[in-house]
Amino acid sequence: MIMLDEGHRHSDTIYNEAWLADLAGWPCKQPAEPEMLSRIKPAHESAWTRFPWARRRLDDVLLSQ
């Protein structure tokens, strides 16, 4: 998760164990490492992925797919 603030606005939800326990599928299985993508593609919001940009621009990557 990337959060741009200090998180105080989330203290009633993602930092609250009771709130989390009410979520379907919680706790979820956490992957040991990110999946390496060979091309940029949509993924589930809980997916942990990485992509080898190799210092290319997005346009260059998309044109090569």
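Before any of the text, the structure's been laid out above.
Residues numbered from 1 in each chain as written. Predicted model: local features only at pLDDT ≥ 70, side-chain atom pairs only at ≥ 80, totals over all residues. Heavy atoms only, no water.

On the surface, a cluster of nonpolar side chains totalling about 280 Å² of accessible area is made up of Trp-19, Leu-23 and Trp-26. Considering the arrangement of structural elements, one finds Leu-23 in the loop between α1 (17-21) and β1 (35-36). Leu-23 gets classed as partly exposed once you look at its relative accessible area, which sits at 34%. (Patch = residues over 30% accessible without salt bridge, like charges linked within 9 Å, V, L, I, M, F, W, Y side chains within 5 Å. Areas by Shrake-Rupley, 256 points an atom, 1.4 Å probe, with all protein chains shown as cover. Salt bridge = Lys/Arg side-chain N within 4 Å of Asp/Glu carboxyl O. Helix = DSSP H or I, 4+ residues; strand = E, 2+ residues; numbered from the N terminus. Buried < 20%, exposed > 50% of the residue type's maximum accessible area, 1.4 Å probe, protein only.)

Counted according to the given criterion, the structure contains one aromatic pair. With a centroid separation of 5.1 Å and an interplanar angle of 75°, the aromatic rings of Phe-51 and Trp-53 are classed as edge-to-face. Phe-51 sits in the buried class, given a relative accessible area of 15%. Under the relative-accessibility criterion, Trp-53 is labelled partly exposed at 36%. (Phe/Tyr/Trp six-rings, centres within 6.5 Å; stacked < 30°, edge-to-face > 60°.)

Attention now goes to the pattern of salt bridges. Per the counting criterion, the structure on display carries two salt bridges. Measuring nitrogen to oxygen at the nearest pair gives 4.0 Å for the salt bridge that ties Lys-41 to Glu-35. A relative accessible area of 40% places Lys-41 in the partly exposed class.

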